[in-house]
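Each chain is listed here by its residues.
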Amino acid sequence: MSESVKVYTVNGAATGSASSLPDWLIRKRAAKGKGKRSVREHVEGTIDLIQHFEFPEASVRIRTTRDGHHAIATGVYKPQMRVWDLDQLSMKFERHSDAENVDFLILSDDWTKSVHLQTDRTVEVHTQGGFHYRTRIPRFGRGLAYHFPSCDVLVAATGHEVYRLNLAQGRFMVPLDMASGDVEGVEGVHAANVNPAHQLFAFGMEGNGTVQFWDPRARARVGILDLPGSVLLSGAANKMNSLSATAIASRSDGLSYAIGTSTGHTLLYDIRSPRPYAIKDQGYGLPVKCVEWVEGGSRVAGDGMVISADKKVVKIWDRNSATTNFASITPSTDINHLHQVPGSGLLMLANEGIQMNAYYIPQLGPAPRWCSFLDNITEEMEDQTGRSMYEDYKFVERTELARLGLDHLVGTPALKPYMHGYFLSLKLYDAARVIANPFIHEEHRERVIKDRIDKLSETRIRARKDAPKVNKALAEKIRRDQERELKKDERRKKQKGKEIATDEVEGEASAKPNLLNDDRFKALFEDPEYEVDKTTREYNLLNPSAAAMKGRRTAVEEEEDESDKVSSDGLGESNSDEEEGESEGTTDSSDAGDLDQFNPRARQASTSKRTPLSSNRDASGRQPRLVSLQALTEAGTAFNARADKNMSFDERRKFAPSSKAKRPIDQDGDGAMEMSWIPSTTAGDDDYSGDENTKSRKPKKVKGVETFGAGMEKGRKPAELEGDEASRSGRTKRRSGVRSGSRNVFRRL
């Protein structure tokens, strides 16, 4: 088989695959259903060209229709026929029968009409609707052939007769007697063939090793071809066996015949010569089951080749050089039948396994029209790197060969000379290296561990070795700006279509002058005298964002400040000297003023000294008295709450100026405040009515009712009073007519 010829398995197990599962395990898993294990064991990259291309037990025969749209196959068990729609790549239907199939033929261009030869000596005719007619033959049949001009079905069977069933008349015709004349030793007819060019009948005999040719017009024998038994039976294994013709295939040119024998040979004949011009040995000594010619004209690369198959192997070979194989296929199961899709490189096999096989050979012919995508798939697979010829060999020089102690193998088949060294088997090289250095595995292990540690250490975060000691932030900013400019340059050059190597770009970037690589500014990053002072006004003007972030504090720092401050609830400690020198009255007013002026939102700078407020207590322990009034400063002016930005919204609302007239407030010298007002005549009237500009709300006068101050009135009628006398003074007598909850009541019952 040529190394350049590739065979792709598109259905079934791969050729020669030892990993294919046995049939009993496939049936067991199919009964349980597909599980995770079966899905995991499915080989990635396999192609299932036709879905459900299988039978429950085994397949017997397979053929495609002449229009190329359907494939028909028979198999067991149970005996059945299945039809696949090749355009949809799926099964169309299945039809069961009473007996197993031996052979079948497709009568129409599509799948609708077919004739089947069964093992129970019956011939069945099937139509589109199903089983149509069944008839019986005298002996067990072995093969079928169909003569289209006369509508005769030729049935090859055991014995010396070939039965003719005429489908046009619906009856059997006179059979063809193979033992007529002086012919002897005919035990049966293995194969029958009708030449498509001149309609000549050819029958392969069992027992005498001959092939008989009959003319359908005269229904008489026109010739007998004797197979070279002396050549075919020369082997010791075949001396006791009789020679038989088991398979016949005729070419469309009308002159060439391919005949398979029971000894495992395929003979090519020209009908004009009694001697074969090519003999092909299958190599197993098993009877040849199928023989086919590869035809298709110029569009098929394998035109003129022959395909022969026995139970074990399928061989494709050229008729002009039978000694070499174009391709060889060895399925994992025994072969029952072979069919080559006409005009393509696709082969279909019926075998003893559950799944039928399909192989595609691009060098043999193109893919069929219904699976033209196979050409694209195979082209992509051919582009991938294949297995090297010397993949299992190690190239060694003569010095290394002497170090391993294998120099005595020079000149032997173990070493293949190549250039300045030799190719040595990889297994032998590993064994010799271990013998020469027993610690090779430990050294290799240590080297692998070291490589992994070095690889992990590269990913660690390390400090820059070239980082300066002074002005580190300035140096880092300069590096970031430099990297940003480098990325912009690279992006700009890529947009213009100029590809420049990375090392060249980095060289150009490092060549650009900056503060880091300029010797004139070397002292800026080495001398502490040149360190940037971040507290100066100039630095804050040049870096406003940094200055703004400097005054802010984190939540932790604010909590620490709050814990250090004394709360404003009067629990802070006071000096004993101040408590003795102050009186009770001044203590209240002083505490009130301090608490009123204390702003809890005010924050002192971290550098300033904290001075907690003192909330003095007198000896009696009285708490300070809060007065919700607008405080006055020492100058007598109102405290400007809007001017203080740290005050809360509620404090600003209290101290906001009102549109109403200010109420008269007096303040003593010690800070106490007093306020005077006039009581309102009605309850709920809080407006001050002493001012001329303010209109006071007056109660509605009722006729005959005289009102006094503090809500007193005279002359209102009792009906106008709210509620009755009982509701105003309460209940004056005991309730009656209701059950009492007292225990005395229950005792009197």
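For the structure itself, look to the data block above.
Quick caveat: nothing in here was measured; it's all calculated off a predicted structure. (Residues numbered from 1 in each chain as written. Predicted model: local features only at pLDDT ≥ 70, side-chain atom pairs only at ≥ 80, totals over all residues. Heavy atoms only, no water.)

Before going further, it helps to examine unusual backbone geometry. Across the junction of Val76 and Tyr77, the peptide omega takes the value -15°, indicating a cis bond. Topologically, Tyr77 is positioned in the loop between strand 3 (70-76) and strand 4 (80-85). In this structure, His52 is a non-glycine residue whose phi angle is positive, near 55°. Of note, His52 is situated in the loop between helix 2 (36-41) and strand 2 (58-64). (Helix = DSSP H or I, 4+ residues; strand = E, 2+ residues; numbered from the N terminus.)

Taken together, the 4 bridges between strand 30 (residues 415-418) and strand 31 (residues 421-425) define a ladder with antiparallel strand orientation. Bridge pairing in strand 31 links Lys416 to Phe423. The turn linking strand 30 back onto strand 31 is made up of 2 residues, and Met419 within it adopts a positive phi angle of 55°. (Pairing = 2+ DSSP bridges.)

Turning next to the sheet that holds strand 14 (residues 188-194). The sheet built from 4 strands is open, its strands ordered 14-15-16-17 with antiparallel pairing. Both edges of this open sheet fall to strand 14 and strand 17 (220-226), since each of them pairs with a single strand only. With direction set aside, neighbouring strand axes in the sheet form an average angle of 25°. One ladder, built from 6 bridges, connects strand 14 with strand 15 (residues 201-206); its direction is antiparallel. Residue pairing in the sheet places Gly188 in a bridge with Glu206 of strand 15. (Axes fitted to C-alpha atoms, helices over the stretch in contact; angles between N-to-C directions.)

Ordered in space as 29-31-30, the 3 strands form an open sheet in which the pairing is antiparallel. With partners counted over all chains shown, the strands left at the sheet margins are strand 29 (393-397) and strand 30, one partner each. For this sheet the average axis-to-axis angle between neighbouring strands, irrespective of direction, equals 35°. Across the face of the sheet, helix 6 (residues 426-436) comes into contact with strand 29 and strand 31 while running at roughly 95° to strand 31. (Contact = heavy atoms within 4.5 Å.)

Counting through the fold element by element, Asp270 comes out in strand 20 (residues 265-270). The class for Asp270 is buried, based on a relative accessible area of 19%. With sequence-adjacent residues up to four places away left out, Asp270 is seen in contact with Leu255 and Tyr277. (Buried < 20%, exposed > 50% of the residue type's maximum accessible area, 1.4 Å probe, protein only.)

With 22 residues, the main nonpolar core has Leu49, Ile50, Leu346, Met348 and Trp370 as its most contacted residues. Residue assignment for this core shows that the elements contributing at least two residues are strand 3, strand 27 (346-351) and strand 28 (357-360). What Leu49 contacts, discounting residues up to four positions off in sequence, is Val10, Asn11, Leu89, Leu346, Trp370, Cys371, Phe373 and Leu374. In terms of nonpolar packing, the next biggest core, distinct from the first, is built from 19 residues, Val5, Ala327, Ile335 and Tyr359 among them. (Core = buried A, V, L, I, M, F, W, Y, C linked by side-chain atoms within 4.5 Å.)

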